[in-house]
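So the chains spell out like this:
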Amino acid sequence: MKKLKYQRTLQAKITEWLFQGKVIILYGPRQVGKTTLANEIISGQSGAIYLNCERQQVWELLNSGNQDRIRQYLGDAKIVVFDEAQKIPQIGSLLKLLIDTYPEIQYLATGSSSFDLSNALSEPLTGRNVKFIMYPVSLIELSPHFNRFQKDEMLENLLLFGSYPDIIDRPESQKRKLLDELTSDYLFRDVLRFENIRRSDILVNLLKAIALQTGNEVSMRELSNLLKVAVETVQRYLLLLEQSFVLFSLPSFSRNLRNEISKGRKYYFYDLGIRNNLLQNFTPLSSRNDTGQLWENFCIIERIKKNQAKDRRVNMYFWRTYQQQEIDLIEEHEGILDTFEFKWKSRPGQKIPSGFRNAYPQSTYQIIDRENYHNFLT
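Predicted model, so just to flag it, every value in this text is computed and none were measured.

Reading guide: rules and limits
- Residues numbered from 1 in each chain as written.
- Predicted model: local features only at pLDDT ≥ 70, side-chain atom pairs only at ≥ 80, totals over all residues.
- Heavy atoms only, no water.
- Buried < 20%, exposed > 50% of the residue type's maximum accessible area, 1.4 Å probe, protein only.
- Helix = DSSP H or I, 4+ residues; strand = E, 2+ residues; numbered from the N terminus.
- Pairing = 2+ DSSP bridges.
- Right-handed = clockwise from strand over helix to strand, strands pointing away.
- Expected span 1.5 Å × (residues − 1).
- 1 Å grid on protein atoms, 1.4 Å probe; cavity = no way out; pocket = protein on both sides within 12 Å on 5 of 7 lines; lining within 4 Å.
- Points joined across faces, edges and corners; volume = space filled by probe spheres on them.
- Domains from an automatic or database assignment.
- Nonpolar A, V, L, I, M, F, W, Y, C, P; charged D, E, K, R; others polar.
- Axes fitted to C-alpha atoms, helices over the stretch in contact; angles between N-to-C directions.
- Contact = heavy atoms within 4.5 Å.
- Parallel < 35°, antiparallel > 145°, perpendicular 65-115°, else oblique.
- Left-handed = near helix turned anticlockwise from the far one by under 90°.
- Buried area = accessible area lost by both parts, 1.4 Å probe.
- Polar contact = N/O pair within 3.5 Å; in protein donor to acceptor, adjacent residues only side chain to side chain.

A word on the pairing of strand E10 (residues 336-342). Buried residues dominate E10, accounting for six of its seven residues. Taking the residues that link successive antiparallel strands as the turn, the strand E9 (residues 326-333)-E10 hairpin has two residues, and the phi of Glu334 there is positive, at about 50°. Assessed by its sense of winding, the connection that carries the chain from E10 through helix H15 (residues 354-359) to strand E11 (residues 364-368) is right-handed.

Another point: helix H14 (residues 291-309). Between its terminal C-alpha atoms H14 stretches 27 Å, which fits the 27 Å expected from 19 residues at 1.5 Å a residue. Burial analysis of H14 places 17 of its 19 residues in the buried class, which makes it a mostly covered element. One or two residues past the end of H14 sits Asp311, with phi positive at roughly 55°.

Computed from the structure, the largest pocket encloses a volume of approximately 810 Å³. Those elements that place two or more of their residues in the lining of the largest pocket are helix H1 (10-16), strand E5 (129-133), helix H12 (231-243), strand E6 (247-251) and H14. For the lining of the largest pocket, the element with the most residues is E6, which contributes five residues. When residues of the lining of the largest pocket are assigned to domains, at least three fall in each of domain 1 (9-133) and domain 2 (139-310). Put simply, the second largest pocket is a space of about 490 Å³. Together, 22 residues line the second largest pocket, and Val32, Gly33, Lys34, Thr36 and Pro165 are the ones closest to its centre. Counting residues per element, the lining of the second largest pocket draws most heavily on helix H2 (residues 34-43), which supplies five residues. Looking at the lining of the second largest pocket, its residues break down into six nonpolar, six polar and 10 charged.

This brings us to the sheet that holds E5. Strands sit in the order E2-E3-E4-E1-E5 across an open sheet of five strands; the sheet is parallel. Unpaired on one side and paired on the other, strand E2 (48-52) and E5 mark the two borders of the sheet. Going from strand to strand, the sheet's axes swing by 15° on average, the running direction of each strand aside. Bridge count for strand E1 (residues 23-27) against strand E4 (residues 106-111) is four bridges, and the pairing is parallel. Note that in E4 the partner of Leu26 across the bridge is Thr110. The strands touched by helix H5 (residues 91-101) are E1, strand E3 (79-83) and E4; relative to E4, the strand with the most contacts, the crossing angle is about 165°.

One can describe the packing of helix H10 (residues 200-212) onto helix H11 (residues 220-227) by two numbers: an axis separation of 11 Å at closest approach and a directional angle of 135°. Overall, the two elements H10 and H11 adopt an arrangement that is oblique. When the axes of H10 and H11 are compared, the crossing they make is right-handed. Each of Ile202, Asn205, Leu206, Ala209 and Ile210 in H10 lies in contact with H11, whose residues at this interface are Leu223, Leu226 and Leu227. Here the residues of the contact of H10 with H11 are counted per class, giving seven nonpolar, one polar and no charged.

Assigned domains of the chain: these are domain 1 (9-133) and domain 2 (139-310). Here the C-alpha centre of domain 2 lies 28 Å away from the C-alpha centre of domain 1. Contact residues are listed per partner, giving 19 residues for domain 1 and 17 residues for domain 2. Buried surface at the junction of domain 1 and domain 2, both sides included, amounts to about 1700 Å², of which 55% is carbon and sulfur. Here domain 1 is connected to domain 2 by three residue pairs in polar contact (both at pLDDT 80 or more). Going through the elements one at a time, H1 and helix H6 (114-121) are the ones with two or more residues in the side of domain 1 that touches domain 2. The class makeup of the residues in the side of domain 1 that touches domain 2 is six nonpolar, eight polar and five charged.

Rendered as structure tokens:
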């Protein structure tokens, strides 16, 4: 089977930063295409070297910290990729040493575990790095291969099986197999080994609980009671799941109203294939009772991808009051509040909640459904 090759929007953005005196850091989930992208970037560059930090020889060389050995190994390299850089202890200190000593070389580090890579990089490379996050394939990146009507036909598959580059255009049986392996990688290779977490059952049950509550405000106390662990443990596991690109969250928006909920969070999945695989539920949308949740998750993560592609810097929130008035997504940029509701089946005449309209009269309101999602997400 010949697989499609997707042009990733990050490629041009990263290429702009080559040889600008910065270490380039590329984060993202496993199997999202970081290695492929890194090799695409260096393919047009002379004097490029790719180092897989999971290989024993490379690990021993870089972990030795021997500057002369490392420099000899790099030879006349002009650009060096450190793939899965989080595998190297003190990688930030090593990169700082290299860029201070050999500033003419461009260094690009990739990693699938942001908690490892960012902790190791943040202090040594302060002011010396530029970071990018790579997501699963976006609707924008599908556009060169599929027209609007074809993407409409693909929509159900994207909501059920997600948009990992190696999964999108495979048969369903292969999608399920790869999602099984990908889910195991997420849970056991990244998250469980961090801080020697041994209770995989707690982590899996926590993810399943979040999957069932996608798009709903999460109660730490309820999760604590369900899992029979301390609230602090739930909070720590959720943070690790965010830092390892399994989940992301939106905070609640509150400025004026006394009855606005000010400390809540909603959790979503970076990829819906992972979410549905955790629940082992790939039932067609017509027979599901969570289609609205899938649509909301899909629209929000695709909006995040679009904002990155278009260099739109916005703050994102949800809004809810104790009287159950709510808005799925608020984007705040340059003092403007744009609000959105996501409806798989749109209801004519739906309006912005009166409490929000009265408190923030200059805000905009839009319902995103299957008729207008193209403009919103591409």
